[in-house]
Amino acid sequence: MSTRPLRTRAPALNRAAAASVATAVLVALVALTGCAPDGADGPDTSSATSSGTGPVASAIAEPAVLVESGVGVIAEGCSMVASLGSGVVVERSGQVATAAHTVRGASILTVVDAGGQEHLASVTSFDKDSDLALLDVPTLTAPPLGIGTARVGPATLITWRRSDGVTQQIVGVTRLLKINIEDIYADEVVQRTGLEVDGDVIVGQSGGPVVDASGEVIGIIYATSKDRDAVGFATDHTELRELIEARSAGGVANGQCP
């Protein structure tokens, strides 16, 4: 099995030189770690084991509330195009989780809230192995979501696009995965835990949260399957909690440009 990169390229309209788009690598089950040009995949091999923990309740948290917690992420500074992704306010006001490959190497980070307002951001935690990053956005007042525990069952995916703003859709968590995969620079093989998501996951949705029926974040999207339509992959709640535990109020380096 291989994956399609969840990245979007867009001109950095009225901005300085913008961040390049993160790229994906070819994997056996799940990956988004390479530095290939747009639309291409680099070689990689990964393995995963899956498990289920039983169904969650069929009810879905109130969509309007979830959308308010979703954001867009614009990363600039690596090239003449901006790297675009999604994110979510999590655990505390002004704290946004997103995909590390979206923000790597960027010198200017902007978060766009559900109302379309832009806010400057800085990186407070960055993990190239789990493909997760945590942003500090002092002027962002969107409500935070808590972190839940991933289970197989129905969920909601929140994403942002420049043309549509923040939107949500119903998806299903079909498998819980333990994954061997290359890091976002394809430098080494690492381990992470994640989710397989059945839904209309498309390119450009990296960093979008998977939210359970109680309105808690259980995963962050980072790839979509190249072999199977409407299948995506997310890093799970365990990796997200570890990212937040490693938070540095003074900020951290966000890696190198691809």
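Details of the structure are given in the entry above.
So, a few notes on the structure that sits alongside this text. (Residues numbered from 1 in each chain as written. Predicted model: local features only at pLDDT ≥ 70, side-chain atom pairs only at ≥ 80, totals over all residues. Heavy atoms only, no water.)

### Some remarks on the overall build of the protein chain
In step 1: Of regular secondary structure, the protein chain possesses three helices and 15 strands.
In step 2: For the protein chain, buried positions account for 55% of its 258 residues.
In step 3: The contacts of the protein chain with a sequence gap of at least 6 include a subset with a gap of at least 24, amounting to 68%. (Helix = DSSP H or I, 4+ residues; strand = E, 2+ residues; numbered from the N terminus. Buried < 20%, exposed > 50% of the residue type's maximum accessible area, 1.4 Å probe, protein only. Contact = heavy atoms within 4.5 Å.)

### With respect to the environment of Leu145
In step 1: Within the fold, Leu145 resides in the loop between β9 (132-136) and β10 (153-161).
In step 2: Given a relative accessible area of 7%, Leu145 falls into the buried group.
In step 3: When the C-alpha atoms of Leu145 and Glu68 are compared, they prove to be 9.9 Å apart, with 77 residues separating the residues in sequence.

### A short note on the pattern of salt bridges
In step 1: For the coordinates displayed, the defined rule picks out six salt bridges.
In step 2: The partner of Asp164 in a salt bridge is Arg161, and the shortest N-O contact between them spans 3.9 Å.
In step 3: Asp164 sits in the partly exposed class, given a relative accessible area of 47%.
In step 4: Salt bridges sharing common partners tie together Lys128, Asp129, Asp183 and Glu188. (Salt bridge = Lys/Arg side-chain N within 4 Å of Asp/Glu carboxyl O.)

### Regarding the packing of aromatic side chains
In step 1: This model, assessed by the stated rule, comprises zero aromatic pairs.
In step 2: One Lys or Arg, Arg104, reaches over the ring of Tyr185 and ends 5.2 Å from the middle of that ring.
In step 3: Its end group placed over the ring of Tyr222, Arg192 keeps NZ or CZ at 4.6 Å from the ring centre. (Phe/Tyr/Trp six-rings, centres within 6.5 Å; stacked < 30°, edge-to-face > 60°. Lys NZ or Arg CZ within 6 Å of the ring centre and 35° of its normal.)

### Concerning the pairing of strand β14 (residues 217-225)
In step 1: With nine of nine residues buried, β14 lies mostly within the body of the structure.
In step 2: One ladder, built from three bridges, connects strand β13 (residues 209-211) with β14; its direction is antiparallel. Directly across from Pro209, in β14, lies its bridge partner Ile220.
In step 3: The turn linking β13 back onto β14 is made up of five residues, and Gly215 within it adopts a positive phi angle of 85°.
In step 4: Inspection of the sheet shows β14 paired to strand β15 (residues 231-236) by five bridges, in the antiparallel sense. Residue Ile220 lies in a different strand from β15, and its bridge partner there is Thr235.
In step 5: Hairpin remark: β14 followed by β15, antiparallel, with five residues in the connecting loop; positive phi at Ala230, about 60°. (Pairing = 2+ DSSP bridges.)

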